[in-house]
Amino acid sequence: MSRILITSALPYINGVKHMGNLAGSMLPADVYARAMRLLGHDVLYICATDEHGTPAELAASDAGMGVAEYCDTMHAAQAAAGADFKLSYDYFGRSSAPSNHALTQHFAHVLEAQDLIYEKVSKQVYSNADGRFLPDRYVEGTCPNCDFDAARGDQCDNCGKLLDPIDLINPYSAVSGSKDVEIRETNHLYLRQSALSDRLRAWVDASEGWPSLATSIARKWLDEGLRDRAITRDLSWGIPVTNPDGSRRAGFEDKVFYVWFDAPIAYIAATQDWAAKTGGDWQQWWKTDAGADDVQYVQFMGKDNVAFHTLSFPTSLIGSAEPWKLVDQLKAFNWVTWYGGKFSTSAKRGVFMDQAISIAPSDNWRWHLMANAPEGDDAAFTWEEFAVSVNSDLANVLGNFVNRITKYAAGKFDGKVPSGGTEGEDEAWITAELETRLPALIAHYEAREFRKAMEQTRAIWAAGNEYLTKAAPWTHYKTDVDAAAVGVRAGLNLVALFGIIAQPIIPDAAGKILNAMGIPENNRTWNFGDIPALLNALPEGHAVSAPDVLFSKIEDADITDWATKFGGGE
RNA sequence: GGUGGGGUAGCUCAGCUGGUUAGAGCGCAGGACUCAUAAUCCUGAGGUCGUGAGUUCAAGUCUCACUCUCACUACCA
């Protein structure tokens, strides 16, 4: 048994997340957490909402709410959406929690004591109309390079050139449209990432098992030369910048920490909150001098988060000179795209978690998104592919298998696991299949190769159908009931097994299957020691029932309807 | 502009350190079965592995050039 700490990149607070966000961090982390629990590991799965930053303030303003109130509302909405999708967080915290305030301030203090934080003045665009400094992307104007009149401050969408907002011609606020903007000097704290460049590179080089996506992004930044990063912002909502005695730092009364400085620290703070709530010991998971040295820490995130998790956050942890646990396995995903393009709320392209759950059960989404996880490259979501996943994989291969054998057992064997008969070459065949496929399945989960794990899961289900065709109990039944009993018994045991291996991915359907088969909760773990015995695991005479239809099929009319509502197909 | 992915059957994708006739699922064609959600099982057709050079006894796999595409590019998060 190992102790496995799992974190998912924190979903940002400014709205319910779309299916790409779900597929790239929270969902795979959940599937992995569930699989590892079934394998008997001690798992702690932590997530939280990421609540600070300019977009949160603007979204609150748009909603006509105060920021704190807005974040309360959206945190609850995201927690509900996570519950709808059966995300099995051990704790779903908030980056705005008091624990994170204290811990973020603590990190700033110890980093400054290590001479890794300094003050520096920079120029930033200030909007008088909005009464706030504008992040680069919130300043628009005419591109000095190509004269495009709606260039963003960081990059021109027309010519693609990287820009500095200070260079824009006729700049205006993207928030209000006001041209009453000026350039002001502002003083900020900077994290001296450059000083840790060599240690970070050595650490990245020593990593094993990370996707090349993760290491190559980290090395790219290191190769270009790590720049120091401002870790404070001119905002009111966020974590105040303090002195070690708790008072506000002089000159920083109107500033807070940058969201990307405090967000990853919230992984730890949320663990503290988990501990406070459950009586657990957070240090055992995060402090290497308190037991965390034997923790396997796995992070899940989209590729946009890699630099922060491989460079910035480790700078905070290593630079503190305190014994913090660093990530061991970093699983980075590409994007799920919408028919090859971007998700877009304004253009009604794409589905968000709250809408998705009203269209189809969470199991359907979980299966499809994991079977098509964007592991090697961006993966296109289409309604047509979604329907194939649900209809073919879930309804036809798994659902129909469960249905056909349980109904037959109910009709011919009184709904009981039959005894009698002797096993033959068909049973030897399916046993051999399981002996190669079950270990492969576990290996794929342990390696966090989700597409392969799903493929193997499906292959095991399909093997069940193949077995039934070979064993054909309905044929034997006419002449030799005992011979039929062998096939029905094996078939029912396969149903139970299929439910057991389905648990990480489709927990609802798996639960229905296992309940119908009368498998007690404590017998649902992944102990496949004696594989031949799996065909006779259910006691003979044990009563089983035929569950209701597990997966309804998606009709062409549904696809047409959804494509109209949410885009797609164009 | 820079950097990193990716371009493999109609579609979505596997193909580890180069090595016999390039794989899977879906789709398609034919057949089998009838327990089952017109489900399942079997067989088959389909690819000069983006383009052009090069290294090698041997390249989808390595090198170079070109091309298309996606992402990142540090104050969006």
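Residues numbered from 1 in each chain as written. Chains lettered and ligands numbered in written order. Predicted model: local features only at pLDDT ≥ 70, side-chain atom pairs only at ≥ 80, totals over all residues. Heavy atoms only, no water.

## Concerning the sheet that holds strand E1 (residues 3–8)
An order of E3-E2-E1-E13-E14 is seen for the 5 strands of this open sheet, with the pairing classed as parallel. Since the sheet does not close on itself, it has two edges, and those belong to strand E3 (91–94) and strand E14 (329–333), each with one partner. Each strand of the sheet is rotated relative to its neighbour by a mean of 20°, with strand direction disregarded. The pairing of strand E13 (residues 295–302) with E14 spans 5 bridges and is classified as parallel. (Pairing = 2+ DSSP bridges. Helix = DSSP H or I, 4+ residues; strand = E, 2+ residues; numbered from the N terminus. Axes fitted to C-alpha atoms, helices over the stretch in contact; angles between N-to-C directions.)

## Some details on the sheet that holds strand E9 (residues 181–191)
Here we have 4 strands laid out as an open sheet, ordered E5-E4-E9-E10, and antiparallel in their pairing. Edge strands, defined here as strands with exactly one partner in the open sheet, are strand E5 (132–133) and strand E10 (229–230).

## Topic: the packing of aromatic side chains
Tallied over the entire structure, the rule returns 32 aromatic pairs. Here Trp367 and Trp461 contribute two aromatic rings whose centre-to-centre distance is 5.1 Å and whose plane-to-plane angle is 35°, an arrangement assigned as tilted. A residue pair is termed long-range when its members are at least 10 positions apart, and Trp367 in helix H11 (residues 362–371) and Trp461 in helix H14 (residues 450–471) qualify at 94 residues. For Trp461, a relative accessible area of 0% gives the class buried. Ring geometry for Trp383 against Phe386: centres 6.0 Å apart, planes inclined by 75°, an arrangement best described as edge-to-face. Of this pair, Trp383 and Phe386 both sit in helix H12 (residues 383–412), 3 residues apart, which is roughly one turn of that helix. In this structure, Trp383 and Phe386 share a single accessibility class: buried. (Phe/Tyr/Trp six-rings, centres within 6.5 Å; stacked < 30°, edge-to-face > 60°. Buried < 20%, exposed > 50% of the residue type's maximum accessible area, 1.4 Å probe, protein only.)

## Remarks on the nonpolar core
Judged by nonpolar contacts, the single largest core of 178 residues is most densely connected at Met19, Trp365, Trp383, Tyr445, Trp461, Ile506 and Phe528. Beyond its immediate chain neighbours, meaning those up to four positions away, Trp461 contacts Trp367, Asp393, Leu394, Val397, Leu398, Phe498, Ile501, Ala502 and Ile506. One finds Val125, Leu134, Cys143 and Val181 within the second-largest nonpolar core, a separate group that totals 9 residues. (Core = buried A, V, L, I, M, F, W, Y, C linked by side-chain atoms within 4.5 Å. Contact = heavy atoms within 4.5 Å.)

## Thoughts on the domain arrangement of chain A
Interface size is commonly expressed as the accessible area that is lost once the parts come together. For chain A, the assigned domains are domain 1 (3–111 + 259–359), domain 2 (115–230) and domain 3 (383–536). Its C-alpha centre places domain 1 at a distance of 23 Å from the equivalent point of domain 2. Viewed at the interface, domain 2 and domain 1 are joined by 1 salt bridge. Its salt-bridge partner being Glu57, residue Arg132 comes within 2.8 Å of it at the nearest N-O pair. At the junction of domain 1 and domain 2, the tally comes to 5 residue pairs in polar contact (both at pLDDT 80 or more). Listed by contribution, the elements that provide at least two residues to the side of domain 1 that touches domain 2 are helix H2 (54–62), helix H4 (98–113), helix H9 (306–319) and E14. Ranked by the residues each element gives to the side of domain 1 that touches domain 2, the list is headed by H9, at 12 residues. Per-class residue counts for the side of domain 1 that touches domain 2 are 15 nonpolar, 9 polar and 4 charged. (Domains from an automatic or database assignment. Salt bridge = Lys/Arg side-chain N within 4 Å of Asp/Glu carboxyl O. Polar contact = N/O pair within 3.5 Å; in protein donor to acceptor, adjacent residues only side chain to side chain. Nonpolar A, V, L, I, M, F, W, Y, C, P; charged D, E, K, R; others polar.)

## Focus: the pattern of salt bridges
In total, this model carries 28 salt bridges according to the counting rule given. Here Arg34 makes a salt bridge to Asp30, at a shortest N to O gap of 2.9 Å. Here Arg34 pairs with Asp30, and both are found in helix H1 (residues 19–38), just 4 residues apart, close to one helical turn. Taken as a pair, Arg34 and Asp30 share a single burial class, namely buried. Look at the salt bridges and you will find they share partners, linking Asp30, Arg34 and Arg366 into a network.

## Observations regarding the protein's contact with RNA strand B
Neighbouring RNA strand B are 60 residues, the closest being Asp136, Arg137, Asp378, Asn400 and Arg404. At 2.7 Å from a sugar or linking oxygen of RNA strand B is found a side-chain nitrogen or oxygen belonging to Asp50. At 2.4 Å from a sugar or linking oxygen of RNA strand B is found a side-chain nitrogen or oxygen belonging to Asp136. Listed by contribution, the elements that provide at least two residues to the surface near RNA strand B are H2, strand E4 (117–127), helix H6 (212–224), helix H7 (259–278), strand E16 (379–381), H12 and H14. Take the surface near RNA strand B: its biggest share by element is 11 residues, from H12. Per-class residue counts for the surface near RNA strand B are 22 nonpolar, 17 polar and 21 charged. (Near = heavy atom within 4 Å.)

## Some details on H4
Over its 16 residues, H4 extends 23 Å from the first C-alpha to the last, a length consistent with the 22 Å expected when each residue adds 1.5 Å. Among the residues of H4, those classed as buried are Ser99, Asn100, Leu103, Thr104, Gln105, Phe107, Ala108, His109, Val110 and Leu111. Where the residues of H4 are buried, they touch E4, E9, strand E12 (256–257), H7 and H9. In the segment just after H4, Asp115 is the residue with positive phi, at about 65°. (Expected span 1.5 Å × (residues − 1).)

## Focus on the environment of Ser392
By the secondary structure assignment, Ser392 is in helix H12. Expressed as a C-alpha distance, the spacing of Ser392 and Lys553, which sit 161 residues apart in the sequence, is 8.9 Å. If we skip the residues at most four places from it in the chain, Ser392 touches Ala387, Val397 and Arg458.

## A short note on unusual backbone geometry
One can expect most non-glycine residues to show negative phi and most peptide bonds to be in trans. Even without being glycine, Lys86 reaches a positive phi, approximately 65°. For Lys86, the position within the fold is in the loop between helix H3 (67–84) and E3. Its relative accessible area of 27% is what places Lys86 among the partly exposed residues.

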